[in-house]
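Tertiary structure, described
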Amino acid sequence: MALMFCSCSSSSNEDIKKEKVALLLPSGTMVSRWAVDANYLKNALLRYGFDVNLYQAEESANGAKEQVKQIKEAIDAGCGTLVITPIDYSVINEDGILEANQNCNIICYDRMIMENPAIDFYTTCDPSKIGEMQAQFLLNVAGNNNMEIEYFAGPMTDKNAPTYFESAYGLLGANESFTVPSGKKSYSEVALASWSVEDAKNAMTERLNGKSSLPDLILAPNDNVASGIIEAIEESKLFTGTYPVITGQDMSDEAKNNIKAGKQAMTIYKEYEDLAETTAMVVSCFISGKPVITSNTFDNGRVKVPAKYTSFTLVTVHNIGQY
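Attention in this report is confined to the structure presented alongside it.

**Focus: the sheet that holds strand β1 (residues 20-26)**
The strand order across the open sheet built from seven strands is β2-β1-β3-β4-β5-β12-β11, with neighbouring strands paired in mixed fashion. In this open sheet, the two strands that pair with only one neighbour each are β2 (51-57) and β11 (296-299). The sheet shows a mean angle of 25 degrees between the axes of neighbouring strands, direction not considered. Two strands pair when backbone bridges link them, and β1 and β2 are joined in this way by seven bridges, in the parallel orientation. Bridge assignment links A22 to a residue of β2, and that residue is N53. Of the strands in this sheet, β1, β3 (81-84), β4 (105-109), β5 (121-124) and β12 (304-309) are in contact with helix α11 (residues 272-288), which crosses β4 at around 170 degrees.

Given below as structure tokens:
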């Protein structure tokens, strides 16, 4: 993988080894995967010899403001490279901190900071491909049968959320054999306020009110949302012991248990270690002045940001034992 897009290595340039790199990520309180990402990223960067400062903030309105303070703190601490997963990119943009420090290397990890000209690189798993994979899974389950489906999507603060949903709905919405009991089909109608289990549970409970049966299929963008939906179903008077076919993403511990128990049909495992190693390599290239070669770009509304997409895997009851 190193030869694919960067000629530098972890031991070829001693001059880069004292460079400070800041990791600015959500905490793992709401979505557990961020604790995994933080561990892999920090260890990958440490193997290159970098001095790593890890900052984490809650995925909330206050956490978004705290993340801006952390960005300023990292820059003041001498971190010349920032790896950022934005909690709310609009809050970062409102402050103007990145535009004021374009001498820093700004790398977005997993989520893009939209409408910002200061972004240098983007490492992620392609959210549109993930949406397609979840949608195709549901289409394969449904076959040519008439079925009811409900759609859910992540919050507007996460640009991956609408990209994912538009891709998934592009396939599912074209299937004329599907009906939507709630009538909610557009991103603005199905977007949750946050990635929390509670918000997903409340949204599903609301949709079940007044219904005579559960839907057959549910597009849930990640495992937190799937967990909230499952809780709402289990507490509903409509529940008879049989679950709809529910998707997911991130392969949380709860999702693994839910899949084994027949409550959740699938999840998507992002190759977090691969994503972290790719990001660390990109950081090393930027710091050492080596070119990062990629054919992918992501238009953030201001600039086309070079991007590197890493792999992911569909996980069901049939292969979950491998994880």
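**Concerning helix α9 (residues 223-235)**
Compared with the 18 Å implied by 1.5 Å per residue over 13 residues, the 18 Å span of α9 between its first and last C-alpha is a close match. With ten of 13 residues buried, α9 is to be regarded as a mostly interior element. Listed as buried for α9 are D223, N224, V225, A226, S227, G228, I229, I230, A232 and I233. Buried residues belonging to α9 abut α8 (197-208), β8 (217-219), β9 (245-246), α10 (253-260) and β10 (267-270). The residue sitting at the N-terminus of α9 and contributing the capping side-chain oxygen is N222; that oxygen lies 3.3 Å from the backbone nitrogen of N224.

**Quick notes on unusual backbone geometry**
Here D110, not a glycine, exhibits a phi torsion of approximately 70 degrees, which is positive. With respect to the helices and strands, the residue D110 is situated in the loop between β4 and β5.

**Overview of helix α3 (residues 61-76)**
With 16 residues, α3 extends 23 Å between its outermost C-alpha atoms, agreeing within 8% with the 22 Å of an ideal straight helix rising 1.5 Å per residue. Turning to α3, its buried residues number three or more, namely G63, A64, Q67, V68, Q70, I71, A74 and I75. Down the axis of α3, the buried side of the element spans an arc of 160 degrees, and every buried residue falls inside it. Opposite its buried face, α3 presents the exposed residues A61, N62, K65, K69 and D76, each directed more than 90 degrees away. Residues of α3 that are buried make contact with β1, β2, β3 and α4 (89-95). Once α3 finishes, G78 follows within two positions and takes phi at roughly 95 degrees, a positive value.

**Examining the sheet that holds β8**
Pairing between the strands of a sheet comes from backbone hydrogen bonds, and it takes one of two forms, parallel or antiparallel. Ordered by their spatial adjacency, four strands build an open sheet running β7-β6-β8-β9, and the pairing between neighbours is parallel. Taken across any chain shown, the strands that pair with only one partner, and hence form the sheet edges, are β7 (178-179) and β9. Contacts from helix α5 (residues 127-142) reach β6 (147-151), β7, β8 and β9, with the element oriented near 175 degrees to β8.

Rules of the game
Residues numbered from 1 in each chain as written. Predicted model: local features only at pLDDT ≥ 70, side-chain atom pairs only at ≥ 80, totals over all residues. Heavy atoms only, no water. Pairing = 2+ DSSP bridges. Helix = DSSP H or I, 4+ residues; strand = E, 2+ residues; numbered from the N terminus. Axes fitted to C-alpha atoms, helices over the stretch in contact; angles between N-to-C directions. Contact = heavy atoms within 4.5 Å. Expected span 1.5 Å × (residues − 1). Buried < 20%, exposed > 50% of the residue type's maximum accessible area, 1.4 Å probe, protein only. Polar contact = N/O pair within 3.5 Å; in protein donor to acceptor, adjacent residues only side chain to side chain. Arc of directions from axis to C-beta.

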